[in-house]
Amino acid sequence: MPFSSGFLKYMIQVLNRKAAQSSKFGLDGDGVEWEEGDCLHCNVTYSKGVSAMNAGAMDAYKVYIVRMRWTNKINMRCRVKYAGQVYQILPETFHEDRQENTIQFNMQLIINDK
């Protein structure tokens, strides 16, 4: 079922991985850099209920479900910036449905990126 425009009321920014640079420590030896990409309309909701969050379930910590119209501007290797925080896409949850023209995935807050 296609999404209505009122359903897609949030904006996320896609962060694309820069091309890897080779160094004396090997590929990505100097660290990975991310560049800002496009902003996309989407719907963002918690993946688990508030009761799971209140109970302290670690797998529920800052995990969101993102739904959007299909686009080739995002893939499972990208990162997402939402509400001023950076999230990683959980690759096993990334689902593209070209017939329904939708993308759905879970994203989790990156706590320590260094």
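This text follows the structure it describes.
What comes next is a walk through the structure. (Residues numbered from 1 in each chain as written. Predicted model: local features only at pLDDT ≥ 70, side-chain atom pairs only at ≥ 80, totals over all residues. Heavy atoms only, no water.)

### Some remarks on the environment of Asp-97
Structurally, Asp-97 can be placed in strand E8 (residues 95-97). When its relative accessible area of 24% is taken as the criterion, Asp-97 is described as partly exposed. For Asp-97, the side chain forms a polar contact with the main-chain nitrogen of Glu-100, separated by 3.2 Å. (Helix = DSSP H or I, 4+ residues; strand = E, 2+ residues; numbered from the N terminus. Buried < 20%, exposed > 50% of the residue type's maximum accessible area, 1.4 Å probe, protein only. Polar contact = N/O pair within 3.5 Å; in protein donor to acceptor, adjacent residues only side chain to side chain.)

### What to know about the packing of aromatic side chains
By convention here, two paired aromatic rings are described through the distance between centres and the angle between planes. By the definition in use, this model includes six aromatic pairs. Ring centres 6.2 Å apart and planes at 85 degrees place the aromatic pair Tyr-10 and Tyr-82 in the edge-to-face group. With Tyr-10 in strand E1 (residues 10-17) and Tyr-82 in strand E6 (residues 79-82), this pair connects stretches of sequence that are 72 residues apart. On the basis of an interplanar angle of 20 degrees and a centroid distance of 5.6 Å, the ring pair of Phe-94 and Phe-105 is categorised as stacked. Note that Phe-94 is positioned in the loop between strand E7 (85-89) and E8 and Phe-105 in strand E9 (residues 102-109), a separation of eleven residues in sequence. Across the pair, exposure class does not vary: Phe-94 and Phe-105 are buried alike. The rings of Tyr-10, Tyr-46, Tyr-64, Tyr-82 and Tyr-87 are connected pair by pair, giving a single aromatic cluster. Geometry around Trp-70 places Arg-98 over its ring, the cationic atom sitting 3.8 Å from the centre. (Phe/Tyr/Trp six-rings, centres within 6.5 Å; stacked < 30°, edge-to-face > 60°. Lys NZ or Arg CZ within 6 Å of the ring centre and 35° of its normal.)

### Some words on the pattern of salt bridges
Taken as a whole and judged by the stated rule, the model has three salt bridges. Close ionic contact of Lys-81 with Glu-36 constitutes a salt bridge, the shortest N to O distance being 3.9 Å. Remark: Glu-36 occurs in strand E4 (residues 34-46) and Lys-81 occurs in strand E6; sequence separation between them is 45 residues. Residue Lys-81 is classed as partly exposed on the basis of its relative accessible area of 30%. (Salt bridge = Lys/Arg side-chain N within 4 Å of Asp/Glu carboxyl O.)

### Regarding the pairing of E1
In the sheet, E1 pairs with E4 via seven bridges, with the strands oriented antiparallel. In the strand pairing of E4, Gln-13 is matched with Cys-39. Relative to E6, E1 runs antiparallel, the two being bridged by three bridges. Residue pairing for E6: Gln-13 is matched across the bridge by Lys-81. (Pairing = 2+ DSSP bridges.)

Taken by themselves, the reported measurements are silent on function.
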